[in-house]
Amino acid sequence: MDVKIEESWKRLLQDEFDQPYFGELTRFVKEAYRSGTVYPPARHIFRAFDSCPLHRVKVVIVGQDPYHQPGQAHGLCFSVNEGVALPPSLQNIYKELQNDLGRAVPASGNLEGWAEQGVLLLNATLTVQANHAGSHQGKGWEQFTDRVIHLLASERENLVFILWGAYAQRKGEGIDTNKHLILKSPHPSPLSAHRGFFGNHHFSKTNAYLTAHGKEPISW
């Protein structure tokens, strides 16, 4: 199957695109876009990959679903388009960033700048029906993103996997902790952020690890 995705990822994932389940997933997604409102816009389904070519990946942040309200989702987990109000989880991410590194809270919720520095902002499910969180779960996206994480963990070394919440942590099971840094904490959602997300220092820990392994730290 010919998937429109950044070329280095296309080479890595072509065998996956040719799997029967991915064909079924593609048919489901095309019909969903044809018959209703789905986020993100179709051209941004693979934006996490397009914004962060394979050779540049240094950090992987795992999310769950795209945002399901109008104008928010644009293909990067936790990120929203310019001019869109910050969702609660992103507000808490920025609070921890401020607490950890002393950075002023950004006005924009667009995390494209992180992606361009090598942060793969990967949702487990890459599409969602408008106003229906989780509506495209169980259709094949999870199998695809599991494979992405597995390939990165097996073929690369000294990556940082940031896993916020139990769902993301299950996605990271099996990653070799001798090859990579795994950072875990509760999710930044208002329901759980005070249970250990705040104070996790994941941004400074990530940069310390990258620096120790000869890589440029992220300007968060």
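Criteria and cut-off values
Residues numbered from 1 in each chain as written. Predicted model: local features only at pLDDT ≥ 70, side-chain atom pairs only at ≥ 80, totals over all residues. Heavy atoms only, no water. Helix = DSSP H or I, 4+ residues; strand = E, 2+ residues; numbered from the N terminus. Rg over C-alpha atoms; globule rule 2.2 N^0.38 Å. Buried < 20%, exposed > 50% of the residue type's maximum accessible area, 1.4 Å probe, protein only. Salt bridge = Lys/Arg side-chain N within 4 Å of Asp/Glu carboxyl O. Pairing = 2+ DSSP bridges. Axes fitted to C-alpha atoms, helices over the stretch in contact; angles between N-to-C directions. Parallel < 35°, antiparallel > 145°, perpendicular 65-115°, else oblique. Contact = heavy atoms within 4.5 Å. Nonpolar A, V, L, I, M, F, W, Y, C, P; charged D, E, K, R; others polar. Phe/Tyr/Trp six-rings, centres within 6.5 Å; stacked < 30°, edge-to-face > 60°.

1. Thoughts on the overall build of the protein chain
Here's step 1: For the protein chain, the helix and strand inventory stands at 8 helices and 6 strands.
Here's step 2: Taken from N to C terminus, the helices and strands of the protein chain fall in the order α-α-β-α-β-α-α-β-β-α-β-α-β-α.
Here's step 3: Taken over the C-alpha trace, the protein chain has a radius of gyration of 17 Å; the compact-globule value for 220 residues is 17 Å, and the two agree within 12%.
Here's step 4: Each of the three principal axes of the protein chain carries a C-alpha extent, and together these read 45 × 35 × 25 Å.
Here's step 5: With 220 residues in all, the protein chain has 53% of them scored as buried.

2. Quick word on the pattern of salt bridges
Pairing between side chains of opposite charge can happen when the charged atoms of each approach one another.
Here's step 1: Tallied over the entire structure, the rule returns 5 salt bridges.
Here's step 2: For Lys 10, the salt bridge is made with Asp 2, and the minimal N-O distance between the two is 2.3 Å.
Here's step 3: Exposure remark for Lys 10: the relative accessible area of 18% places this residue in the buried category.
Here's step 4: We note a salt bridge from Glu 112 to Arg 47, for which the minimum N-O separation is 2.9 Å. Placement of Glu 112 in helix α5 (residues 112-116) and of Arg 47 in helix α3 (residues 47-50) is noted, with a sequence separation of 65 residues between them. A single burial state applies to Glu 112 and to Arg 47, both of which are buried.

3. Comments concerning the pairing of strand β2 (residues 59-63)
Here's step 1: Counting buried residues along β2, 5 of its 5 residues qualify, which places the element largely inside the surrounding structure.
Here's step 2: Inspection of the sheet shows β2 paired to strand β3 (residues 119-123) by 5 bridges, in the parallel sense. Among the inter-strand pairings, Gly 63 is bridged to a residue of β3, identified as Asn 123.
Here's step 3: The pairing of β2 with strand β5 (residues 160-164) spans 4 bridges and is classified as parallel. Bridging across to β5, Val 60 finds its partner in Phe 161.

4. Describing the packing of helix α4 (residues 88-101) against helix α8 (residues 202-212)
Here's step 1: Interaxial distance between α4 and α8 falls to 8 Å at its minimum, and their mutual angle equals 60°. Relative to α8, the element α4 lies oblique. Across from Ile 93, Glu 96, Leu 97, Asp 100 and Leu 101 in α4, the residues of α8 making contact are His 202, Phe 203 and Ser 204.
Here's step 2: Partitioning the contact of α4 with α8 into residue classes produces 4 nonpolar, 2 polar and 2 charged.

5. Structural notes on the sheet that holds β3
Here's step 1: Strand order in the open sheet formed by 4 strands is β3-β2-β5-β6, and the pairing between neighbours is parallel. In this open sheet, the two edge strands, each paired with only one partner strand, are β3 and β6 (181-185). For this sheet, the mean angle separating the axes of adjacent strands, direction not counted, is 15°.
Here's step 2: Sheet topology note: the β5/β6 ladder contains 5 bridges and is parallel. Bridge pairing in β6 links Phe 161 to Ile 182.

6. Thoughts on the packing of aromatic side chains
Here's step 1: As enumerated under the stated definition, the model contains 19 aromatic pairs in all.
Here's step 2: Ring geometry for Phe 17 and Phe 46: centres 6.5 Å apart, planes at 70°, overall edge-to-face. Of this pair, Phe 17 sits in helix α1 (residues 7-17) while Phe 46 is found in the loop between β1 (38-39) and α3, placing the two residues 29 residues apart along the sequence.
Here's step 3: Measuring from centroid to centroid gives 6.1 Å for Phe 46 and Phe 49, while their planes differ by 55°, and the two rings are tilted.
Here's step 4: The exposure class assigned to Phe 49 is buried, which follows from its relative accessible area of 1%.

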